[in-house]
Amino acid sequence: MTPSTEGRRNQGVSELKQRLLGNLRETRLLGSSALNNLLILTRLERQAKRIGNRWIQFRYDPGKTLRENVGFAHTPADDAGLRKALEDLQRIARRCLSPGDGVLEIGCGTGLYLKDFDAQYALTGLDISPEMIKVCKAGIPHASFIVGDIMKTDIQRRFKLIYLVSVLEFINRSDLSRFFARMSNLLEPGGFLFVHYPHALRWMDTLYPRLKYIRYSPRLVEKTARKHLALIEHHHAFDERIVGRYDREKGSPTFQNSYLLVAWKPVGSAADVSPEDDPSRRLPTWTEVGAESTR
Ligand SMILES: C[S@@+](CC[C@H](N)C(=O)[O-])C[C@H]1O[C@@H](n2cnc3c(N)ncnc32)[C@H](O)[C@@H]1O
C-alpha cells in the first residue's frame, strides 16, 4: 500500500469513527440498551461517554438550591433519604476517624455532605466540575479541593475515610474493578470506604439503557468490591433490606432507592480479612476491623 493510499484509508476510518461517535453524541443510540450493552462488553463505552461529554449537566445554576444543583428534589422522600445518608455517613465517621485523619469526598458536588465535617479532620473534596468546586470553596473554607476525574487524577496523599454519594453511577461499567482498586490504593491501611449508590430497581435497569446513569445491581457491586477490599456493610441505604440483583419491590425511583456499601482496607496482609478466603463470606464486624464503637 502506498503512503497516499494508507493516508486515505486512515482518513476514511477516522471519518467513519467521527460519524459513529457523532451519532452517539446526538443521542438516540445512547438510549439503546442493546447497543449500550455491546459497548460495555467491548469496553468501548468509555470513548462513547467521553465524546458525549457527560459532565456538562453538572453546571452550577445560581437560581437553584445546592441540592437541586446536584440533581435532588425537595420532596419528603428525598428529604428523608438525604437525612438518612447524612446520619449514616456521620455514624461511620465517628467510628473510624480521629482528629487529624484525612477524609476524601469523591464527586463532592455542592458540598452537601462535606460541610458537616468540622476542621479537626484534614478534608479534601474532589469533583470533575470546576463550577461545583468553586461553590464548595466558598462554603467550606477549611477543606482543600481538587478539580479532576477520580479515575485519572494523580492524588499523592492517602486517606482514613473516602466516601461518595450518588457518584458510582457515573463510573463506567468497565471501569468498576479499576475504581475499587483505586479506592484501595487511596486508602491508608485500616482505612474505610463509604459508597452510597442508586441501585437497579428492575431487571431492565441492569441493561443500561442510559450509559450516563448506570444503576448497578448490588450483587455486581459487591462482587467487584470484594476483589479489592473487605466489606463490612452492604444493604439498602434507607431500610437496610438486602436485595441481590435488583429491588423486587415495586416503587418509584427516589433518593431512598440506594444501597450503602462500607468497606475496609485490611492492615497488613489482605488475607487477614479477605472475604475471598472466607468460606462463609461473612462480613467482618466493626470490632474485628478495629474501629471503636460510637465515640
Ligand atoms: C449527583 S452529583 C452528587 C454530588 C454529591 N455527592 C451529593 O450527593 O450531593 C454527582 C457529582 O459527581 C461528580 N462526578 C461525576 N463523575 C465524576 C468523576 N469521574 N470524577 C469526579 N467527580 C465526578 C459530578 O460533577 C457531580 O458533582
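Bear in mind the structure is a predicted one, so any value in this text is a computation, not a measurement. (Residues numbered from 1 in each chain as written. Predicted model: local features only at pLDDT ≥ 70, side-chain atom pairs only at ≥ 80, totals over all residues.)

Some thoughts on the overall build of the chain
When you go through the chain residue by residue, the secondary structure sums to 8 helices and 7 strands. Sorting the 295 residues of the chain into buried and exposed places 34% on the buried side. In the chain, the proportion of contacts linking residues at least 24 apart, taken out of those at least 6 apart, comes to 71%. (Helix = DSSP H or I, 4+ residues; strand = E, 2+ residues; numbered from the N terminus. Buried ≥ 20, exposed ≤ 12 C-beta atoms within 10 Å, placed from the backbone. Contact = placed C-beta atoms within 7 Å.)

Looking at the pairing of strand β3 (residues 144-147)
The sheet contact formed by strand β2 (residues 122-127) and β3 spans 4 bridges and is parallel. Note on β3: the bridge partner recorded for G125 is F145. (Pairing = 2+ DSSP bridges.)

Re helix α5 (residues 76-96)
The end-to-end C-alpha distance of α5 is 31 Å, a good match for the 30 Å that 21 residues give at a rise of 1.5 Å each. What α5 keeps buried is the set G81, A85, L89, I92, A93 and C96. Relative to the axis of α5, the buried residues are bounded by an arc of 100° and lie together on one face. Exposed side of α5, more than 90 degrees from the buried face: P76, R83 and E87 are the residues found there. (Expected span 1.5 Å × (residues − 1). Arc of directions from axis to C-beta.)

Some points on the site of the ligand
Taken together, the neighbourhood of the ligand is formed by 21 residues, with F58, G107, G109, I128 and F170 sitting nearest. Of the residues in the shell around the ligand, the class split is 14 nonpolar, 5 polar and 2 charged. (Near = placed C-beta within 6 Å. Nonpolar A, V, L, I, M, F, W, Y, C, P; charged D, E, K, R; others polar.)

Concerning the pairing of strand β5 (residues 187-198)
Within β5, 9 of the 12 residues are buried, which leaves it mostly tucked inside the rest of the structure. As judged from the 6 bridges shared by strand β4 (residues 159-165) and β5, these two strands associate in the parallel manner. Bridge pairing in β5 places L161 opposite F192. Handedness of the crossover joining β4 and β5 through helix α7 (residues 176-186): right-handed. In this structure, β5 lies alongside strand β7 (residues 258-264), joined through 7 bridges in antiparallel fashion. Note that in β7 the partner of Y197 across the bridge is Y259. (Right-handed = clockwise from strand over helix to strand, strands pointing away.)

With respect to α7
Three or more residues of α7 are buried, namely F179, F180, R182, M183, S184 and L186. As for α7, its buried residues are in contact with β1 (102-106), β4, β5 and α8 (218-226).

Quick look at the sheet that holds strand β6 (residues 230-236)
Each strand in a sheet pairs with another by means of backbone hydrogen bonds, the pair being arranged parallel or else antiparallel. Strand order in the open sheet formed by 7 strands is β3-β2-β1-β4-β5-β7-β6, and the pairing between neighbours is mixed. The sheet terminates laterally at β3 and β6, the two strands that pair on one side only. Neighbour-to-neighbour, the strand axes of the sheet open up by a mean angle of 15°, direction not taken into account. (Axes fitted to C-alpha atoms, helices over the stretch in contact; angles between N-to-C directions.)

Focus on the nonpolar core
Within the largest apolar cluster, 60 residues are counted, with the highest numbers of intra-cluster contacts made by I162, L193 and A263. Beyond its immediate sequence surroundings of up to four residues, A263 is in contact with L193, A225, L229, A230, L231 and I232. (Core = buried A, V, L, I, M, F, W, Y, C linked by C-beta atoms within 7 Å.)

What to know about the environment of L86
Along the chain, L86 falls in helix α5. Using a count of 15 C-beta atoms within 10 Å as the deciding quantity, one classes L86 as partly exposed. In sequence terms L86 and Y113 are 27 residues apart; their C-alpha atoms lie 6.6 Å from each other. Discounting residues that sit within four places of it in the chain, L86 has contacts with Y113 and D116.

Digging into unusual backbone geometry
One non-glycine residue, S166, lies in the positive phi region at around 55°. Its place among the elements puts S166 in the loop between β4 and α7. Since 18 C-beta atoms lie within 10 Å of it, S166 is described here as partly exposed. Its identity as a non-glycine residue notwithstanding, E240 has a phi of 65°, on the positive side.

A short note on the environment of T42
With respect to the secondary-structure elements, T42 resides in the loop between α2 (33-41) and α3 (45-52). C-alpha of T42 to C-alpha of S174: the two residues are 132 residues apart in sequence and 8.9 Å apart in space.

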